[in-house]
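Report on the structure
So the chains spell out like this:
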Amino acid sequence: MLELLLGRFDDMDRKLIELQVELSEHREEVKRNRDSCENAIQRLEQDVSRNLSAILAQQTSCATRDGLRERLFNQIPRQNHSSYKSLGQSLLSFKSRLPDCVTPTSSQLQQNSSTPTTPITAETVKSTTTTPRTITIIKSTPQKTTTTSTTQKPKLPPFISCKDVPYNVSGVYLIRVSNDSAPFKVFCEMESYEGGWIVVQHRFNGSVDFYREWNQFRDGFGEVDSEFWLGLERIHQLTVARAHEIMFEMKDFEGNYGYARYDAFQIGSESEQYKLKALGSYSGTAGDSMTAYNKGAMFSTKDRDNDANEKHHLAHFCESAWWHGEDNKANLNGPYKYGSKNRSIWWYNFKYGIQLRFTRIMIRELRH
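Now for a quick tour of the structure.

Rules of the game
Residues numbered from 1 in each chain as written. Predicted model: local features only at pLDDT ≥ 70, side-chain atom pairs only at ≥ 80, totals over all residues. Heavy atoms only, no water. Disulfide = S-S within 2.5 Å. Helix = DSSP H or I, 4+ residues; strand = E, 2+ residues; numbered from the N terminus. Core = buried A, V, L, I, M, F, W, Y, C linked by side-chain atoms within 4.5 Å. Buried < 20%, exposed > 50% of the residue type's maximum accessible area, 1.4 Å probe, protein only. Contact = heavy atoms within 4.5 Å. Salt bridge = Lys/Arg side-chain N within 4 Å of Asp/Glu carboxyl O. Phe/Tyr/Trp six-rings, centres within 6.5 Å; stacked < 30°, edge-to-face > 60°. Lys NZ or Arg CZ within 6 Å of the ring centre and 35° of its normal.

1. Some words on the state of the cysteines
- In the structure shown here, the tally under the stated rule is 1 disulfide.
- Two residues, Cys162 and Cys188, share a disulfide whose sulfurs are 2.0 Å apart. When the S-S torsion is -75°, as for the bridge of Cys162 with Cys188, the disulfide is left-handed. With Cys162 in the loop between helix 3 (122–130) and strand 1 (171–175) and Cys188 in strand 2 (residues 184–189), the pair connects residues that are 26 residues apart, well separated along the chain.

This is the structure in structure tokens:
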């Protein structure tokens, strides 16, 4: 009955993760649509601004020309018809050097500003002198200057680490170690312990066999949204490129939770047998089960014995690939079973090595 309940809880956990991933994708789609609308509005505003500037410049030119013409006519005696004719010809020449003037209306704004108007002749010049012409001038309204702060746009995937994910939603994201490296999927824990964590191991129902050989632990196995091991090579690349911390989470079959956190973590390359080169100071509630025997140890699997124990091949004896040293106080990659002391999942300083139902190992980039 207990196992049935645990199985149902695990199914609920997986469904919750799937919902969180869908929510993250929906938020990203909404953001993309919003950015597209904002860009379209900005382009429209720029087009309107350019059109208004052109219209205002044209109207200013028209007003200057017509005002000059009116002043010239007022200074010439009406009886001097020869002067009218000469002046008309001069104005025709002046008009040819200026753009045509139109009084903009709502319909004319959509037309080309070069639409021809009625040509000026000597007769129209005479009629203009006798009947004052009303000139419509559009004055520009001073625009209110709005000071806006420039905010950096959210980074887009693939990210350098889960610290760069701009969402507070845990789920599967693409990251890469550097700009010239291939991206890969990780599960980012964005809600617990201030977020930004890369999950490198997760176990909760025993669906994935962890008793595997060296190459599989090097390359990784399982699915990042289920039970999985990320892979020693990727963990090495991440922790060498930038400083990281590490956290071990655990829960027993009665639901008791504990965690162990170390403020520094780094492993070596495959040629160094993925040695645990750095393990910082401990804090947490589960007890320190790593410093005594595992710090400085090389990684061992069932087909590669790198431990310092002269009597046993600990990866085989405990059925657990790990950083085994002379002895071992952590067995988080052991068989998923209840009731077996050595060949199960346990953390020695957490309730005297009681068998564990849930484990999760996470690393996070340190930024100062």
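Having seen the model, we can carry on.
2. Quick notes on the nonpolar core
- Ranked by size, the top nonpolar core spans 58 residues in total, and within it Ile198, Trp229, Phe248, Met290, Phe299, Trp323 and Trp347 carry the most contacts.
- The element best represented in this core is strand 7 (residues 257–267), accounting for 5 residues.
- Once residues lying within four places of it in the same chain are set aside, the contact partners of Trp323 are Trp229, Leu232, Phe265, Ile267, Tyr274, Lys275, Leu276, Tyr293, Asn294, Ala297, Met298 and Phe299.

3. Some words on the pattern of salt bridges
- One pass over the structure, following the stated rule, counts 11 salt bridges.
- Each of Asp164, Arg242, Glu365 and Arg367 takes part in one network of salt bridges that share partners.

4. Some thoughts on the packing of aromatic side chains
- What the rule picks out here adds up to 19 aromatic pairs.
- Seen in terms of ring centroids, Trp322 and Trp323 are 5.3 Å apart; in terms of plane orientation they differ by 70°. Their pairing is edge-to-face. For the pair Trp322 and Trp323, a shared accessibility class is recorded, and that class is buried.
- One Lys or Arg, Arg203, reaches over the ring of Phe210 and ends 4.1 Å from the middle of that ring.

5. Quick notes on the side chain of Arg364
- With respect to the helices and strands, Arg364 occurs in strand 12 (residues 356–365).
- Each residue touching Arg364, except ones within four places of it in the same chain, is listed here: Lys163, Tyr193, Glu194, Gly195, Gly196, Trp197, Ala243, His244, Glu245 and Arg261.

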